[in-house]
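Given next are the chains, with one letter for each unit.
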Amino acid sequence: MEFTKLGNTEIEVSRLCVGCMSFGKAGTMHDWTLDEKESEKMIHHALDLGINFFDTANGYSEGTSEEYLGKALKKNAARDKVIIASKVYFNEGRLSRKAILREIDGTLKRLGTDYLDLYIIHRFDYDTPIEETMEALHDLVKMGKVRALGASAMYGYQFYNMQLAARDHGWTPFSTMENHYNLLYREDERELIPICKQMNVSLMPYSPLAAGHLARPQWESSSLRGRTDRVAMGKYDRMEEQDMHIVDRVHHLAEKYECKMSQIAIAWQWAKGIAAPIIGATKEKYLDDAVGAFDVKLIAEDIAYLEEPYVPHPIVGAINENPKQGVMLLDEKK
């Protein structure tokens, strides 16, 4: 396993992060999530592989993702040997001070810990002043409930303004960005990613395999997730015709290097300066494959070959307004 530090912090994380949206009571958010026993098996396997970085959220499967993760880590790892990230936003009050102070306590209780290593705002809140949010997050750091802060999918100017608010008031800035980024979706290369690199903010993208589309030569999947994940369909299906040109190139390179397609897609992320792609796995072999990507070294010609067919995509990730209260699944295909 390889490790890196988050932003300007001393927090050292594995260069793969386990996405815990895969864990939780099925039917509370997705139909394909793993139950508590299966979640623990996956978490134990990740630890055996040297992965120490786990990313969950208060809204994943009505809090059961946090509960399953907390119980599994308590049984299988010392608290100071793992890095736990969770999120706030898809809750009553969004990113208001009152909501943040309430939600952190719920998250810590469900995880069974007295601090979070990384607390991430899940989206930009259009209803709460930036200063209110940043001061509340800074106060959590002062209280010792949170070690570092992160943001997730938003527009570059929004992230920049929040970082400026932190700088101007002497508050804790964001150290990480969890954005939507993969070979099939590269819109953040225009603004958000350059801003993050300018500010030494570590990138930890979600959906590095584009919901599996970068892990198989055909678009469709017969798996339970492939048949039922309407969010993934909403994010990717409209660009299938254009994106299959990229999928074909990933497949060709995987054959050339005698590796898995997923390993090409992950190796590309590291080649682009990504700190830790988030791998959402429902089978142990998917984590094994991800770790195997460290053995794949892409050259400049490979990267140009993979990127050349890309065309501009509709924005998926950043939002233009707060969704209605209670909405958790954005981009869902109805």
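All of the points below concern the structure found in this document. (Residues numbered from 1 in each chain as written. Predicted model: local features only at pLDDT ≥ 70, side-chain atom pairs only at ≥ 80, totals over all residues. Heavy atoms only, no water.)

### Topic: the packing of helix 1 (residues 36-48) against helix 2 (residues 64-76)
Worth spelling out the cut-off: Every angle, taken between N-to-C directions, lies between 0 and 180 degrees, and every axis is a line fitted to C-alpha atoms, over only the stretch in contact when it is a helix. Per the convention used, a helix needs a DSSP run of H or I reaching at least four residues, while a strand needs a run of E reaching at least two, with both numbered from the N terminus. By the definition adopted for this analysis, an angle is roughly parallel if under 35 degrees, roughly antiparallel if over 145, roughly perpendicular if from 65 to 115, and oblique otherwise. We call a crossing left-handed when the near helix sits turned anticlockwise from the far one by less than a right angle, and right-handed when that turn is clockwise. Pairs of residues are marked as contacts when any of their non-hydrogen atoms sit within 4.5 Å. Gly is put with the polar residues, along with every residue not named as nonpolar or charged; the nonpolar set is Ala, Val, Leu, Ile, Met, Phe, Trp, Tyr, Cys and Pro, and the charged set is Asp, Glu, Lys and Arg.
Between helix 1 and helix 2, the least distance of the axes is 9 Å, while the angle of their chain directions is 50°. As the angle between them shows, helix 1 and helix 2 are arranged oblique. As helix 1 packs across helix 2, the resulting crossing turns out to be right-handed. Every residue of helix 2 that contacts helix 1 at E36, S39, E40, I43, H44 and L47 is listed here: Y68, L69, K71, A72, L73, K75 and N76. Residues of the contact of helix 1 with helix 2, tallied by class, amount to six nonpolar, three polar and four charged.

### Overview of empty space enclosed by the protein
Worth spelling out the cut-off: Within this scheme a cavity is a closed region of a 1 Å grid, computed over the protein atoms alone, that accommodates a 1.4 Å probe without allowing it to escape, whereas a pocket is open but has protein on both sides within 12 Å along at least five of seven lines; lining residues each have an atom within 4 Å of a point. Grid points are joined across faces, edges and corners, and a volume is the space filled by probe spheres set on the points.
A complete count under the given rule lists one cavity of 30 Å³ or more for this structure. Here the largest cavity defines a volume of roughly 40 Å³. Lining the largest cavity, in full, are L184, Y185, K235, Y236, R238, M239, H313, P314 and V316. Residue composition of the lining of the largest cavity, grouped by class: six nonpolar, one polar and two charged.

### Let's talk about the layout of surface pockets
Counted as a void, the second largest pocket has a volume near 160 Å³. In terms of lining, the second largest pocket is formed by 14 residues, of which the most central are M154, Y155, E187, D188 and I315. Residues of the lining of the second largest pocket, tallied by class, amount to eight nonpolar, two polar and four charged.

### A word on the pairing of strand 8 (residues 174-178)
What counts here: Buried, partly exposed and exposed residues are distinguished by accessible area as a fraction of the type maximum, computed with a 1.4 Å probe on protein chains only: under 20%, between the cut-offs, and over 50%, respectively. For two strands to count as paired, DSSP must find a minimum of two bridges between them. Seen with the strands pointing away from the viewer, any crossover whose path from the first strand over the helix to the second strand runs clockwise is right-handed.
Counted residue by residue, strand 8 has five buried out of five residues, so it is predominantly covered. In this structure, strand 7 (residues 146-152) lies alongside strand 8, joined through four bridges in parallel fashion. Paired with L149 across the two strands is F174, which belongs to strand 8. Taking the sense of rotation as the criterion, the β-α-β connection linking strand 7, helix 5 (residues 156-169) and strand 8 turns out right-handed. Once the chain exits strand 8 it traverses helix 6 (residues 192-198) before rejoining the sheet at strand 9 (residues 202-203), and the crossover so formed is right-handed.

### Considerations on the packing of helix 10 (residues 261-271) against helix 11 (residues 284-292)
Their axes nearest at 8 Å, the elements helix 10 and helix 11 cross at an angle of 50°. Between helix 10 and helix 11, the interaxial angle falls into the category oblique. Remark: the crossing between helix 10 and helix 11 carries right-handed chirality. Where helix 10 abuts helix 11, its residues S262, Q263, I266 and W270 lie against D289, A290 and G292.

### Here we look at unusual backbone geometry
We note that S207 has phi near 55°; this positive angle belongs to a residue other than glycine. Of note, the phi angle at A211 is positive, near 55°, even though the residue is not glycine. Following the sequence through the fold, A211 ends up in the loop between strand 9 and helix 7 (224-228).

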